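# Overview (structure and organization)
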Amino acid sequence: LAYLDGYKIPDWALNGNAKPSVKWYIEVYKGDKQVHFVDLASQTGFLMGRKQDLGTICIDLGTHTTISREHAVLQHSFDGGLFLYDLDSSFGTRVNGLVVNPKTYRE
């Protein structure tokens with residue numbers, strides 16, 4: 001994630017070869033059918049967006065135009081937390097209906 005323009009991995013982040021201590025995951029559904037599962041314990045951070053060439057760190061959010069190519073980051077902390085960071089995406093990011101301020105970590 002260090003390669004992202006304008007994103008700096010924070011000092012409190014879990015990094016290197018360390019594995020997250022908490023089992024986090026994302027399930028993506030279309031209607032009542034699960035179409036994607038991401039094990040968030042497999043890496044210390046993830047880029048989310050619609051960019052096609054992100055390799056193994058990408059969580060593909062689809063092709064909808066309200067999703068930026070590099071939309072947001074999920075970053076593990078060394079104490080087991082998981083934080084969302086909006087990369088100043090064009091249409092913003094929401095968690096449970098609440099806006100996540102751009103370039104701010106939200107637990």
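In case you missed it, the structure is sitting above this.
Computed from a prediction, not measured in an experiment: that's the story for all the values here.

## Observations concerning the environment of N17
By the secondary structure assignment, N17 is in the segment before β1 (25–30). Residues N17 and T44, spaced 27 residues apart in sequence, show a C-alpha to C-alpha distance of 8.3 Å.

## Here we look at the layout of surface pockets
Taken as a whole, the largest pocket holds about 260 Å³ of empty space. For the largest pocket, the full set of lining residues is W24, M48, L74, L82, F83, L84, T93, R94, V95, N96, R106 and E107. For the lining of the largest pocket, the elements supplying multiple residues, two or more each, are β6 (82–86) and β7 (93–95). Its residues placed into classes, the lining of the largest pocket shows 7 nonpolar, 2 polar and 3 charged.

## Observations concerning the pairing of β1
Along any regular strand, the residues point their side chains to alternate faces of the sheet. In the sheet, β1 pairs with strand β2 (residues 33–39) via 6 bridges, with the strands oriented antiparallel. The partner of Y29 across the bridge, within β2, is Q34. Between β1 and β2, which pair antiparallel and follow one another directly, the connecting turn spans 2 residues, one of which, G31, has a positive phi of 65°.

## Comments concerning the pairing of β6
With respect to burial, β6 is a largely interior element, 5 of its 5 residues being buried. Neither face of β6 is exposed, since L82, L84 and D86 on one face and F83 and Y85 on the opposite face are all buried. As paired elements, strand β5 (residues 72–76) and β6 share 5 bridges and run antiparallel to each other. By the bridge assignment for β6, A72 is matched with D86. Hairpin connection of β5 to β6: 5 residues between the antiparallel strands, including G80 at a positive phi of 100°. Two strands pair when backbone bridges link them, and β6 and strand β9 (residues 105–106) are joined in this way by 2 bridges, in the antiparallel orientation.

## Topic: the environment of L4
In this fold, L4 is placed in the segment before β1. L4 sits in the buried class, given a relative accessible area of 4%. Taking the C-alpha atoms as reference points, L4 and E70, separated by 66 residues in sequence, lie 8.6 Å from one another. Residues contacting L4, with those up to four places away along its chain left out, are L47, E70, V73 and L87.

## Regarding the side chain of S68
Here S68 shows up in the loop between β4 (58–60) and β5. Engagement of the side chain of S68 in a polar contact is seen with the backbone nitrogen of S90, the distance being 3.2 Å. With residues up to four places along the chain from it excluded, the contact list for S68 reads G49, R50, S89 and S90.

Conventions adopted
Residues numbered from 1 in each chain as written. Predicted model: local features only at pLDDT ≥ 70, side-chain atom pairs only at ≥ 80, totals over all residues. Heavy atoms only, no water. Helix = DSSP H or I, 4+ residues; strand = E, 2+ residues; numbered from the N terminus. 1 Å grid on protein atoms, 1.4 Å probe; cavity = no way out; pocket = protein on both sides within 12 Å on 5 of 7 lines; lining within 4 Å. Points joined across faces, edges and corners; volume = space filled by probe spheres on them. Nonpolar A, V, L, I, M, F, W, Y, C, P; charged D, E, K, R; others polar. Pairing = 2+ DSSP bridges. Buried < 20%, exposed > 50% of the residue type's maximum accessible area, 1.4 Å probe, protein only. Contact = heavy atoms within 4.5 Å. Polar contact = N/O pair within 3.5 Å; in protein donor to acceptor, adjacent residues only side chain to side chain.

No statement about biological role is implied by the geometric values presented.
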